[in-house]
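Architecture and fold: a report
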Amino acid sequence: MIAVLTEAERANLPASLPQWQVAPDGKTIMRRFRFADFSTAFAFMTRVALLAEAQQHHPDWSNVYDRVEIRLSTHDAGGLTARDLRLARAIDALA
Ligand code: H2B
C-alpha cells in the first residue's frame, strides 16, 4: 500500500503545485479549468482519461459545458499520495 504524504510534503503543495487547491482535510487536491467550449473541454478530458489509464490512477471530476473540475486523491490510501502529484503534474503539462 502506498503511503499518504507526510505533513511536510503536504505543506509544500502550494509551492510545488500552485494551480491546485488543497482541501481543508488535506486528503484531496482540486483544480478548475475553463475552455473555449464543450468540445475543447471534452477533448481535454479525453487526454486526461488516457493519462489516467496509463498511470492506473483516476480523477474524480465533473464537467459543465466549458468547465472541468478535477479532484485527485488516492482512494486506496485514504488521502494524497505521490500518485496524485504525478497525475497532477501530467495534467498541468496538458493544460
Ligand atoms: N485512482 C485513484 N484516484 N485512487 C485509487 O486508489 C485508485 C485509482 N486505485 N485507480 C487504482 C485505480 C486501483 O484500484 C487499481 C487496481 O490500480
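Just so it is clear, the structure is predicted and the values come from calculations on it, not from any experiment.

Criteria and thresholds
The numbering scheme is per chain: residues are counted from 1 as the chain's sequence reads. Restriction of local features to residues with pLDDT of at least 70 applies here, the model being predicted, together with a cutoff of 80 or more for giving and counting side-chain atom pairs; totals for whole chains, interfaces and linings are based on all residues. As a rule here, side-chain values come from all non-hydrogen atoms in the structure, and water together with hydrogens is ignored. Residues enter patches when they are more than 30% accessible in relative terms and free of salt bridges; like-charged ones are connected within 9 Å and nonpolar ones (Val, Leu, Ile, Met, Phe, Trp, Tyr) within 5 Å. Throughout, the Shrake-Rupley method with a 1.4 Å probe supplies accessible areas, and for residues the shown protein chains are the sole cover considered. We define a salt bridge as a contact between a side-chain nitrogen of Lys or Arg and a carboxyl oxygen of Asp or Glu at a distance within 4 Å. Whether a residue is buried, partly exposed or exposed follows from its accessible area with a 1.4 Å probe, protein chains only, as a fraction of its type maximum: under 20%, in between, or over 50%, in that order. For this analysis, a nonpolar core means a set of buried residues of the types Ala, Val, Leu, Ile, Met, Phe, Trp, Tyr and Cys, connected via side-chain atoms within 4.5 Å. Where helices and strands are cited, they refer to DSSP runs of H or I of at least four residues and of E of at least two residues respectively, numbered from the N terminus. Between two residues, a contact is recorded if the distance between any of their heavy atoms is within 4.5 Å. The length a helix should cover is 1.5 Å for every residue beyond the first. Here, a strand pair is defined by DSSP locating no fewer than two bridges between the strands. Axes here mean lines fitted to C-alpha atoms, for a helix over just the part in contact, with angles spanning 0 to 180 degrees between N-to-C directions.

Residues F38, F42, V64 and Y65 make up a contiguous nonpolar surface patch of roughly 440 Å² in combined accessible area. By relative accessible area, F42 is classed as partly exposed at 44%.

Okay, the nonpolar core next. In terms of nonpolar packing, the biggest core is built from 19 residues, with W20, I29, F44, V68, I70, L72 and I91 touching the most fellow members. Among the elements of the structure, β2 (29-34), α3 (38-55), β4 (67-72) and α4 (82-94) are those that each provide at least two residues to this core. Once residues within four sequence positions are removed from consideration, F44 is found in contact with F33, F35, V68, I70, I91, L94 and A95.

Turning next to α4. A rise of 1.5 Å per residue sets the reference length of α4, with its 13 residues, at 18 Å; its end C-alpha atoms lie 19 Å apart and thus fit the reference within 8%. Listed in full, the buried residues belonging to α4 are D84, L85, L87, A88, A90 and I91. Buried-residue contacts for α4 involve α2 (13-16), β2, α3 and β4.

With that settled, consider the sheet that holds strand β3 (residues 60-64). Taking strand neighbours across the sheet as the criterion, the 4 strands line up as β1-β2-β4-β3 in an open arrangement whose pairing is antiparallel. Edge positions in the open sheet fall to β1 (21-22) and β3, since each of these has one partner strand only. Pairing of β3 with β4, which is carried by 5 bridges, proceeds in the antiparallel orientation. Opposite V64, over in β4, you have R67 as the bridge partner. Here α4 sits on the sheet in contact with β2 and β4, set at roughly 155 degrees to β4.

These values are about where atoms sit, not about what they do.
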